[in-house]
Structure formats: structure tokens, C-alpha cells
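Close look at the chain arrangement
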Amino acid sequence: MKVRKAVFPVAGLGTRFLPATKVQPKEMLPIVDKPAIQYAVEEALAAGIEDIIMVTGRGKNAIEDHFDRSVELEHVLAAQGKEDLLSDMRRIAELVTFCYIRQKVPLGLGHAVLVAKDVVGEEPFAVVLPDDLIDAPVPATAQLLAVFHRYHASVLAVCPVSRESVSSYGIIAGEPVENGVYRVTGLVEKPSPEEAPSNLGIVGRYILTPQVFEELEQTPSDAKGEIQLTNGLKGLLGRQAVYAYELNGRRHDTGNKLGFLKATVDLALKHPDVGKAFREYLRGLDLDEEGSNTDGPDG
Ligand code: G1P
């Protein structure tokens, strides 16, 4: 069955990036020259997704405007003969349908996915957490879809994480079934290193069967009062097979400052306009002396 819809939970407040995110959604912070969320939208588009369901909250209107046509701006670009920029701007708005639903109270990732239940309906769907930017030769969602079509079951993206960082992820227990693919036998949300059943952490890409909604409806809130998607998936394990797939690509967690900076550097180095000059700039830095590069002519 074709996977047509993707749920993007984007209601989070982005407090880690204050004051930059006081009036601007964190998803709109630019990585080189594109808002962070656009990388994830383009990835979904490249995987054949047709409908993007954004689960938003207060103060997220800029996302909606960004993916809409802007007639004024299009006029200006057309008058200036900037056809490339113009067709780039139109492309996304034309190829995907966007739908926005409010998660009225921040009750966790599982709750955010559940908010999309009626819009998704009775079909398998993708979940894309745009904080996870995955730079990969084959778009991450497309990689997961290939596994979904082989096993006809839910698939979670995973990657190996260090022992110290298991408590930042949903961690799976699994039995390998083919190279990079595991049949999931257990799931724990943010375990301590002692409790972690493996070093395979869930990264923010999932292909899920619609039965997950029934599970989420029955998933109790955790100690923080949140409904975790991982716990809903644990319920799903009791009724159908769930697989995990080790993504091929580099994952950046743009939801924290260091991850955001690493993504910026990586993508800037690859950027056709600035990559070469940026590489030269980095080469010239004296990285051993802290603060020594702050007073040059470019700041
Ligand atoms: C969420 C999920 C977690 C997953 C992570 C991936 O956590 O709950 O299972 O490993 O995304 O980024 P969050 O980062 O929103 O706390």
C-alpha cells in the first residue's frame, strides 16, 4: 500500500534556542539558506509523500506561510528575472498538500501523533521529526519505505548511539533479520545506560501502521505527564511485527545548539555557492586558541 501521508510534529517550543525562538519557530531557523524544516519536507517529497500533516502549536504560523505561495514575492522575483529562485519557491507549495492541526496541549510526541489520527485515517503513514536532519545519499524516508514494502509492517529508523547518550533516545531490543534490519522485540524510552537493551537509538523517522493510533489511545502518560510514541509502539509490538532499520547517512540533531552548528558546518561545506570559500575559511582558523578568531575583520 502506498504511503502518502507524513505527520510532522512541530508543536515544541524550542526553548533551547531562546532568545532566537521567542517569536520565530525553531523549525524556521536557517541551516545555511533554508529553514531547518524544509530539509525534512524535501526529504518527504523525494520519498513520494503527497500530504504533509503538521501538528503545530501557538506561534508556529511562520511555517504555514513559508510553505504557501507568496504572490507578492513571486511578482518581485519574476520582475527581476530570477526564474530559478521563483520555480524553487513554487515547487514545494505545488507538489505537496499541507494540512495544519493544533496540538492544543503539549502532552508528548505520542499525543502529537494521535492528534493526526482522523486526518491520516486507515492507512500506513510516515512520522518525520524535523529536528533530526538526515544527510543521506538516499533520502531517509525513502530508505524506510523500502523496508516497509518488504515486510509490510511498521519500521523505525535507528542508529547506534554512545552508552552515555542512550538516555536521550528510545532504545530498541531486536533480532537481526538482514543486514541493518532488526525485528523489534522490545522498546524503552530514554533508559539509563544500565537499563538500555542495546545501543540502537530511534531517530526521528518512522513508517507506522494505523493500528498505532489504537495503541496510543490506550497508552498511559509517563511520569512527566506525556504520552510517549515509544510506549505506543511497545503496545503495537504485542499485536503485530515492528522492524527497525539502521539508516544509511549522517544524522544531525538540530534540536540542540551543538547539533545545529554541526549540521550548518557540514551542509555549508557541501553548498555549491559557499562550500569552497567556507572550507578555506575553516582551514585558516587557529582552532587551538580559544577566542582567537573573534576579532578579525569579519567578526
Ligand atoms: C523523541 C522520541 C525518542 C527518539 C527521539 C529521536 O525524543 O521520544 O524515542 O529517540 O525523538 O530524536 P525527543 O528527542 O523528542 O525527546
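See the structure shown above.
A brief report on the enclosed structure follows. Every value quoted in this text rests on a predicted model; they were computed, and no experiment measured them.

Definitions and limits used
Sequence order as written defines residue numbering, which begins from 1 separately in each chain. Per-residue local features are limited, in this predicted model, to residues with pLDDT of at least 70; the limit for side-chain atom pairs, both in listing and counting, is 80 or more; totals at the level of whole chains, interfaces and linings are taken over all residues. Water and hydrogen atoms were dropped before computing side-chain values, which therefore reflect all heavy atoms in the structure. Note on definitions: angles span 0 to 180 degrees between N-to-C directions of axes, and those axes are lines fitted to C-alpha atoms, for helices only across the stretch in contact. Where helices and strands are cited, they refer to DSSP runs of H or I of at least four residues and of E of at least two residues respectively, numbered from the N terminus. For classification purposes, angles smaller than 35 degrees are called roughly parallel, those larger than 145 roughly antiparallel, those between 65 and 115 roughly perpendicular, and all remaining angles oblique. By convention the crossing between two helices is left-handed if the near helix lies anticlockwise of the far one by an angle smaller than a right angle, and right-handed if it lies clockwise. Residue contacts are counted whenever heavy atoms from the two residues lie within 4.5 Å of one another. Only heavy atoms are used to decide nearness, and a residue is near a molecule or strand if one of them lies within 4 Å of it. Nitrogen and oxygen atoms within 3.5 Å of one another constitute a polar contact, given that in protein one can donate a hydrogen and the other can accept it, and given that sequence-neighbouring residues count only through two side-chain atoms. The Shrake-Rupley method, run with a 1.4 Å probe sphere, supplies the accessible areas, and residue values consider only the shown protein chains as cover. Gly is put with the polar residues, along with every residue not named as nonpolar or charged; the nonpolar set is Ala, Val, Leu, Ile, Met, Phe, Trp, Tyr, Cys and Pro, and the charged set is Asp, Glu, Lys and Arg. A pair of Phe, Tyr and Trp rings is counted when the ring centres sit within 6.5 Å of each other, with Trp represented by its six-membered ring. The angle between the planes then sorts it: under 30 degrees is stacked, over 60 is edge-to-face, the rest tilted. The buried label goes to any residue with under 20% of its type's maximum accessible area, the exposed label to any with over 50%, and the partly exposed label to all in between, with areas taken from a 1.4 Å probe on protein chains only. Working rule: Lys NZ or Arg CZ, within 6 Å of ring centre, within 35 degrees of ring normal, means a charge sits over the ring.

**Observations regarding the packing of helix H3 (residues 71-79) against helix H4 (residues 83-95)**
Viewed as axis vectors pointing N to C, H3 and H4 meet at an angle of 155 degrees, and their least axial separation amounts to 8 Å. Between H3 and H4, the crossing angle belongs to the class labelled roughly antiparallel. Of the two elements, H3 crosses H4, and the hand of that crossing is left-handed. Side by side, H3 and H4 meet where Leu73, Glu74, Leu77 and Ala78 of the first sit next to Glu83, Leu85, Leu86, Met89 and Arg90 of the second.

**Quick look at the site of the ligand**
All residues in the neighbourhood of the ligand are listed as Leu109, Leu129, Asp132, Tyr169, Gly170, Glu189, Lys190, Ile202, Gly204, Gln228, Thr230 and Arg251. In the model, an oxygen atom of the ligand is placed 2.8 Å from a nitrogen or oxygen of the aspartate 132 side chain. Within the contact set of the ligand, an oxygen atom lies 3.2 Å away from a side-chain nitrogen or oxygen of threonine 230. Out of a free accessible area of 380 Å², the ligand has 73% covered by protein chains. Split by residue class, the shell around the ligand holds four nonpolar, four polar and four charged.

**So, the packing of aromatic side chains**
Aromatic ring pairs are described here by two measures, namely the spacing of the ring centres and the angle between the planes. If you walk through the whole model with that rule in mind, you get six aromatic pairs. With 4.9 Å between their ring centres and 20 degrees between their planes, phenylalanine 67 and phenylalanine 98 make a pair best called stacked. In this pair, phenylalanine 67 sits in the loop between helix H2 (61-66) and H3 while phenylalanine 98 sits in strand S5 (residues 97-102), placing the two residues 31 residues apart along the sequence. Grouping residues by exposure puts phenylalanine 67 and phenylalanine 98 together as buried. Ring plane angle 20 degrees and centroid distance 6.4 Å describe the contact between phenylalanine 278 and tyrosine 281, whose orientation is recorded as stacked. You can see phenylalanine 278 and its partner tyrosine 281 sitting in helix H11 (residues 275-283), three residues apart, about one turn around the helix. On the accessibility criterion, tyrosine 281 (44% relative accessible area) is partly exposed. Through a chain of ring-to-ring contacts, three or more aromatic side chains come together here, namely Phe67, Phe98 and Tyr100. When the ring centre of tyrosine 39 is taken as origin, the NZ or CZ atom of lysine 34, which lies over that ring, is 4.7 Å away.

Note that every value here comes from positions in space, so none of it alone points to a role or purpose.
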